Amino acid sequence: MKEIKVIASKSDAHRAMICSALSKLTGGGDCSIRCDADSEDIRATEACLSALLAGEEDMRCRESGSTLRFLLPVTGALGHKAAFYGEGRLPQRPLSPLYEELAGHGCSLSPQGSVPLVIEGKLKPGFYRLPGNVSSQYISGLLFALPLLSGGSRIVIEGPLESRSYIEMTLKVLRRFGIVILEEENGFTVPGGQQYKAPESYEVEGDWSNGCFWLAAGALTKEGLLVKGLSEESLQGDKEILSLLKRFGAGVCCGESGIITVGGTLRGIEIDGAQIPDMVPVLAAVACRAEGKTVIRNAGRLRLKESDRLTAVTETLNRLGGEVEELPDGLIITGLGEKGLKGGKADSFGDHRIAMMAAVASLICREKVVLSGAQAVNKSYPAFFSELERLGLDSNIERK
């Protein structure tokens, strides 16, 4: 059976790198971070942290929303004037209400959408209020920053918290670096005056978000695929892919050597996308092979990603012969069963997840898929297409 080892999690890497840098800045020591992945997003965070440690103002975020949203509060907490430069859709992606919370607690910021986005002043402790259904990255950014302040703070979450698993990842990494956060029913209490204290080493865990594409690929082939390097104990929410593939009807087997997924008779299912937004594109590709309808709801935040992913998924799969209806907050996919998709021309929309979705969809196409903008995968997984080729799964896709 063909097998692949997933790369390290960029979500985990961002968090460990930020905590390590803050440990250096606060006298808590250095940390050796073991990360077997490279991507534009990871490089962006690395470059910004290097600038921060050197006392420089320019922060080059590229297209990394995590880099911007995590480090904006951190630079405010440090009282470090910074100019954040974004590329692609990043300057247009929303920052409210984090923007207003920073401005209301001592920081001065240039208007949203500015390039660069400049922040100066010193963040003050106090009460911070954020809705739970906008971006977990806002909350994580404050959780990194508020322990550095002289006094205690409280983050109040209004409404249901979406992408909760990403907050849990942040809390786990913060604990590893000696930071105390008190969880409450509707938010967090953050004692001030804390010092980041680095462990000797930190090993970044395998990436479920990118691993989902390989697990889905296995579920669309008769031969199946063995995926290595994923921990079932991970806090990453995208490990939910296993239960979703089982619900579709795919074969899933977890063992010491890794996780095997293999094709079966797939059937349409109902999916709540609130906690797993990054998985929606690849799940939509799987749904095209299923019998009956798959309905994905509560995924409106996908419109604010590197592309409007609800539109991008709909247009891409329909161009390939799918039957996808776009909803305000989701998708309805009428599966074509064993017939699968036809194939044709597709575009990545400049979005790594859409490029990888098109590659997975090509596995169920009768004709070749000609993909424009395939280089978008460099944002999170530069080796994706070379791995696809190594596995022999690239015979039905052509990159332009």
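Whatever comes next refers back to the structure up there.
Residue numbering note: each chain is counted from 1, following its sequence as written. Reporting of local features is limited, given that this is a predicted model, to residues whose pLDDT is at least 70; pairs of side-chain atoms are given and counted only at 80 or more, and all residues count toward the totals for whole chains, interfaces and linings. Remark: hydrogens and water are excluded; side-chain values derive from all non-hydrogen atoms of the structure.

**A few points about the sheet that holds strand E14 (residues 258-262)**
Within the open sheet, the 4 strands sit side by side as E1-E12-E14-E13. Their pairing is mixed. The outermost strands of the open sheet, each flanked by one partner alone, are strand E1 (3-5) and strand E13 (251-255). Recorded for the sheet is a direction-independent mean angle of 20 degrees between the axes of neighbouring strands. If DSSP finds at least two bridges between two strands, the strands pair. To qualify as a helix, a DSSP run of H or I must reach at least 4 residues; to qualify as a strand, a run of E must reach at least 2; elements of each kind are numbered from the N terminus. With 3 bridges connecting them, strand E12 (residues 225-228) and E14 associate as antiparallel partners. In the sheet register, Val-227 faces E14, and the bridge partner there is Ile-259. What makes two residues a contact is simply this: any of their non-hydrogen atoms within 4.5 Å. Helix axes are fitted only over the stretch in contact, all axes being lines through C-alpha atoms; the angle between N-to-C directions runs from 0 to 180 degrees. In the packing of helix H8 (residues 241-248) onto the sheet, contacts are made with E13 and E14, and the angle to E13 comes to roughly 145 degrees.

**Examining the sheet that holds strand E9 (residues 182-184)**
Strand order in the open sheet made by the 4 strands is E7-E8-E10-E9, with mixed pairing throughout. Of all the strands in the sheet, just strand E7 (127-131) and E9 have a single pairing partner and so form its edges. Pairwise comparison of adjacent strand axes, ignoring direction, gives a mean angle of 20 degrees for this sheet. Relative to strand E10 (residues 187-190), E9 runs antiparallel, the two sharing 3 bridges. Opposite Glu-184, over in E10, you have Gly-187 as the bridge partner.

**So, the environment of Phe-70**
Locating Phe-70 in the fold gives a position in helix H3 (residues 65-78). Judged by relative accessible area, which is 1%, Phe-70 ranks as buried. In this view, Phe-70 contacts His-14, Arg-15, Ile-18, Gln-137, Ser-140, Gly-141 and Phe-144; residues no more than four positions away in its chain are not counted. Under the scheme applied here, a residue whose accessible area is under 20% of the maximum for its type counts as buried, over 50% as exposed, and between as partly exposed, the area being computed with a 1.4 Å probe on protein chains only.

**Observations regarding helix H5 (residues 136-145)**
Of all the 10 residues making up H5, 10 are buried; the element is thus mostly covered by neighbouring parts of the structure. Within the span of H5, buried status applies to Ser-136, Gln-137, Tyr-138, Ile-139, Ser-140, Gly-141, Leu-142, Leu-143, Phe-144 and Ala-145. Measuring from the backbone nitrogen of Gln-137 back to the side-chain oxygen at the start of H5 gives 3.2 Å, which picks out Ser-135 as the cap. For the purposes of these results, a polar contact is taken to be a pair of N or O atoms within 3.5 Å, where, inside protein, one atom must be able to donate a hydrogen and its partner to accept one; residues adjacent in sequence count only when each atom of the pair is a side-chain atom.

**A word on empty space enclosed by the protein**
Only protein atoms enter the calculation, which uses a 1 Å grid: trapped sets of points that fit a 1.4 Å probe without letting it out are cavities, open sets showing protein on both sides within 12 Å along at least five of seven lines are pockets, and any residue with an atom within 4 Å of a point is a lining residue. Grid points are joined across faces, edges and corners, and a volume is the space filled by probe spheres set on the points. With the rule as written, the count across this model stands at 2 cavities of 30 Å³ or more. Quantified by volume, the largest cavity comes out at close to 440 Å³. Contributions of two or more residues to the lining of the largest cavity are made by helix H1 (10-25), H3, H5 and helix H11 (352-361). Residues are grouped as follows: nonpolar covers Ala, Val, Leu, Ile, Met, Phe, Trp, Tyr, Cys and Pro; charged covers Asp, Glu, Lys and Arg; every other residue, Gly included, is treated as polar. The residue inventory of the lining of the largest cavity, partitioned by class, reads 7 nonpolar, 10 polar and 13 charged. By volume, the second largest cavity amounts to about 110 Å³. Residue lining of the second largest cavity: Leu-68, Phe-84, Tyr-85, Gly-86, Leu-90, Pro-91, Arg-93, Leu-95, Gln-112, Gly-113, Ser-114 and Leu-117, and that is the complete set. No other element matches the 3 residues that strand E4 (residues 82-86) contributes to the lining of the second largest cavity. Along the lines of polarity and charge, the residues of the lining of the second largest cavity split into 7 nonpolar, 4 polar and 1 charged.

**A look at the nonpolar core**
By convention a nonpolar core is built from buried Ala, Val, Leu, Ile, Met, Phe, Trp, Tyr and Cys residues, the set being connected through side-chain atoms within 4.5 Å. In this structure, Phe-84, Leu-143 and Trp-214 are the most contacted members of the largest nonpolar core, which totals 132 residues. Tallying contributions element by element places H11 first for this core, with 8 residues. When sequence neighbours within four positions are dropped, the list of residues in contact with Phe-84 reads Met-59, Cys-61, Leu-68, Leu-71, Leu-72, Thr-75, Pro-116, Leu-117 and Ile-119.

**As for unusual backbone geometry**
Negative phi characterises most residues that are not glycine, and trans characterises most peptide bonds. With an omega dihedral of 5 degrees, the bond running from Ser-96 to Pro-97 counts as a cis peptide bond. A cis amide bond, omega 5 degrees, links Val-115 with the succeeding residue Pro-116. Counting through the fold element by element, Pro-116 comes out in the loop between strand E5 (107-109) and strand E6 (117-121). We note that Arg-62 has phi near 55 degrees; this positive angle belongs to a residue other than glycine. Along the chain, the position of Arg-62 falls in strand E3 (residues 58-62). Phi at Phe-349 is positive, roughly 60 degrees, even though this residue is not glycine.

**What about the packing of aromatic side chains?**
Any pair of Phe, Tyr and Trp rings, taking the six-membered ring for Trp, is counted once the centres come within 6.5 Å. Such a pair is stacked with planes under 30 degrees apart, edge-to-face with planes over 60 apart, and tilted for the rest. For the structure shown, the criterion picks out 6 aromatic pairs. On the numbers, 6.2 Å between centres and 35 degrees between planes, the contact of Phe-177 with Tyr-202 is tilted. Of the two residues, Phe-177 sits in the loop between helix H6 (164-176) and E9 while Tyr-202 sits in strand E11 (residues 201-203), which places them 25 residues apart along the sequence. Taking relative accessible area as the criterion, Phe-177 reaches 0% and is therefore assigned buried. Taking relative accessible area as the criterion, Tyr-202 reaches 5% and is therefore assigned buried. An angle of 85 degrees between the planes, with centres 5.1 Å apart, marks the rings of Phe-384 and Phe-385 as edge-to-face. Just as Phe-384 is buried, Phe-385 falls in that class too.

**Examining the side chain of Thr-45**
Along the chain, Thr-45 turns up in helix H2 (residues 40-53). A polar side-chain atom of Thr-45 sits 2.7 Å from a polar atom in the side chain of His-14. The residues touching Thr-45, leaving out its near neighbours within four places in the chain, are His-14, Met-17, Ile-18 and Thr-67.

**Structural notes on the pattern of salt bridges**
Pairs can form between side chains of opposite charge whenever their charged atoms are close. Think of a salt bridge as a Lys or Arg side-chain nitrogen and an Asp or Glu carboxyl oxygen that are within 4 Å of each other. Under the counting rule described, the total for this entry stands at 22 salt bridges. For Glu-387, the salt bridge goes to Arg-390, with nearest N and O atoms at 2.8 Å. Of the two residues, Glu-387 and Arg-390 are both situated in helix H12 (residues 384-390); the distance of 3 residues between them amounts to about one turn of the helix. We classify Glu-387 as buried; its relative accessible area is 17%. Here the salt bridges do not stand alone but share partners, grouping Lys-10, Asp-41, Asp-278, Lys-305, Glu-306, Arg-309, Asp-351 and Lys-379 into one network.

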